[in-house]
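Geometric and topological summary
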Amino acid sequence: MAETIPFKSLQSRDYQGHKKKVHSVAWNCTGTKLASGSVDQTARVWHIEPHGHGKVKDVELKGHTDSVDQLCWDPKHADLVATASGDKTVRLWDARSGKCSQQAELSGENINITYKPDGTHVAVGNRDDELTILDVRKFKPIHKRKFNYEVNEIAWNMTGEMFFLTTGNGTVEVLTYPSLKPLDTLMAHTAGCYCIAIDPLGRYFAVGSADSLVSLWDISEMLCVRTFTKLEWPVRTISFNYTGDYIASASEDLFIDIANVQTGRTVHQIPCRAAMNSVEWNPKYNLLAYAGDDKKYQADEGVFRIFGFESS
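Rules of the game
- Residues numbered from 1 in each chain as written.
- Predicted model: local features only at pLDDT ≥ 70, side-chain atom pairs only at ≥ 80, totals over all residues.
- Heavy atoms only, no water.
- UniProt positions renumbered as here; feature names shortened; annotations may be inferred.
- Pairing = 2+ DSSP bridges.
- Helix = DSSP H or I, 4+ residues; strand = E, 2+ residues; numbered from the N terminus.
- Axes fitted to C-alpha atoms, helices over the stretch in contact; angles between N-to-C directions.
- Disulfide = S-S within 2.5 Å.
- Core = buried A, V, L, I, M, F, W, Y, C linked by side-chain atoms within 4.5 Å.
- Buried < 20%, exposed > 50% of the residue type's maximum accessible area, 1.4 Å probe, protein only.
- Contact = heavy atoms within 4.5 Å.
- Salt bridge = Lys/Arg side-chain N within 4 Å of Asp/Glu carboxyl O.
- Polar contact = N/O pair within 3.5 Å; in protein donor to acceptor, adjacent residues only side chain to side chain.

The chain has the name THO complex subunit 3 in an unreviewed UniProt entry, where Kalanchoe fedtschenkoi is given as its organism. Its UniProt record, at the heading Sequence similarities (unreviewed entry), says of the chain: "Belongs to the THOC3 family."

Next up, the structure:
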């Protein structure tokens, strides 16, 4: 049985600090800090009290010379965060000091970044459909591969032996790691696959597509077990909660859908006022961070929100 969350009595809070829209939000491994990456060329790290209401401290990570499109935390270290930017660099930061500790110059505008679950490698995807794998210690590329199809989001499975690419052809390409040899091509959707999320229990992965569907796949069988059909626009971002009971998905629809993974039924919808770019559940608590375009409301530029606080 999925744990029951009193969704109706939960609220969202706003976090303001960026000057332009927020593209990416991500939690650290202990669930105590959230990083946000923005078009304003900065990332910020926020210390979040899951139950408290205290004044939120944030640290600015400055140095990129273009939009910070995606970021991810070291899965083994609660204070190391990696950022990918359109300025062709990937940077590693210490979230306590706000200082950049490592930097790699790559060949194109970076749009996707993800850590291997053991924290040893980082994979980066750019606008030219090129994948670069960096060794985190030396922060140097160890693999480079250019694909002849559109590569969107990328992910490792939990053991780090499989690597997934979502493609513009509606497929998920499964490669073995570290050889990056093709293992499987899943005909997942009738339109481009944009995003992928791995269930924290390692049973499933989910794929969001331009056909407005989210598909759920059994990772051991590589079979689709169900689809979630509530959204009407291309799915841009998806995330499992920490127990693996719920999945959040968002698009240009003016709500974030939260569905029960086992039944496929929607349990809650969070209203939002614009297309969403990034949703991510906290790894320890039922807190969902989300960020979107909010262009229509000038005052809202640079805001992200967290849903899951009890009404005070």
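Quick word on the sheet that holds strand E16 (residues 171-176)
Spatially, E14-E15-E16-E17 is the arrangement adopted by the 4 strands of the open sheet, whose pairing is antiparallel. The open sheet has two edge strands, strand E14 (151-156) and strand E17 (182-187), and neither has a second partner. Across this sheet, the average inter-strand angle for adjacent strands is 20°, counted without regard to direction. The sheet contact formed by E16 and E17 spans 5 bridges and is antiparallel.

Quick notes on unusual backbone geometry
At the junction of Tyr177 and Pro178, the peptide bond is cis and its omega measures out at 10° in the coordinates. In this structure, Pro178 sits in the loop between E16 and E17. For Phe139, which is not glycine, the phi dihedral falls at a positive 55°. Note that Phe139 resides in the loop between strand E12 (130-135) and strand E13 (140-146).

Topic: the UniProt feature "repeat: WD" (unreviewed entry) in the chain
Under the local residue numbering, the UniProt record ascribes the feature "repeat: WD" (unreviewed entry) to residues 15-49, 61-103 and 186-227. For residues 15-49, the end-to-end C-alpha separation is 13 Å, with 0% helix and 57% strand making up the annotated structure. Between the C-alpha atoms that bound residues 61-103 the distance is 13 Å, and the span itself is 0% helix and 58% strand.

Quick look at the state of the cysteines
One pass over the full model with this rule turns up 0 disulfides. Free cysteine: Cys100, not disulfide-bonded; nearest cysteine sulfur from Cys72 at 14 Å.

Describing the nonpolar core
In this structure, Ile256, Ile258, Leu288 and Phe307 are the most contacted members of the largest nonpolar core, which totals 17 residues. Elements that contribute at least two residues to this core include exactly strand E23 (246-250), strand E24 (255-260), strand E26 (276-281) and strand E27 (288-292). Beyond its immediate stretch of four places on either side in the chain, Leu288 contacts Ala248, Ile256, Ile270, Val279, Glu280, Trp281, Arg305, Ile306 and Phe307. In terms of nonpolar packing, the next biggest core, distinct from the first, is built from 15 residues, Tyr204, Leu231, Phe240 and Phe255 among them.

Observations regarding the environment of Tyr115
Topologically, Tyr115 is positioned in strand E10 (residues 110-115). Residue Tyr115 is classed as buried on the basis of its relative accessible area, which comes to 7%. On a C-alpha basis, the gap between Tyr115 and Arg203 in space is 19 Å, while along the polypeptide they are 88 residues apart. With near-sequence residues (within four places) excluded, Tyr115 lies in contact with Cys72, Trp73, Asp74, Pro75, Ala82, Leu92, His121, Val122, Val136 and Trp156.

Thoughts on the pattern of salt bridges
Counted by the stated rule, this structure contains 13 salt bridges. The residue Lys116 makes a salt bridge to Asp118 at a minimum N-O spacing of 3.1 Å. For Lys116, a relative accessible area of 11% puts it in the buried group. Look at Asp118 and you get partly exposed, because its relative accessible area is 36%.

Section: the sheet that holds strand E20 (residues 214-218)
As summarised here, the arrangement of the 4 strands in space is E18-E19-E20-E21, forming an open sheet in which the pairing is antiparallel. The two strands at the open ends of the sheet, each matched to only one other strand, are strand E18 (193-198) and strand E21 (223-228). Each neighbouring strand pair of the sheet contributes to a mean axis angle of 25°, computed without reference to strand direction.

Describing the environment of Thr42
Within the fold, Thr42 resides in strand E4 (residues 42-47). Thr42 gets classed as buried once you look at its relative accessible area, which sits at 7%. Sequence separation between Thr42 and Thr263 is 221 residues; the distance between their C-alpha atoms is 40 Å. Of note is the side chain of Thr42, whose polar atom sits 3.3 Å from the side chain of His18. Polar side-chain contacts of Thr42 include one of 2.7 Å to the side chain of Asp40.

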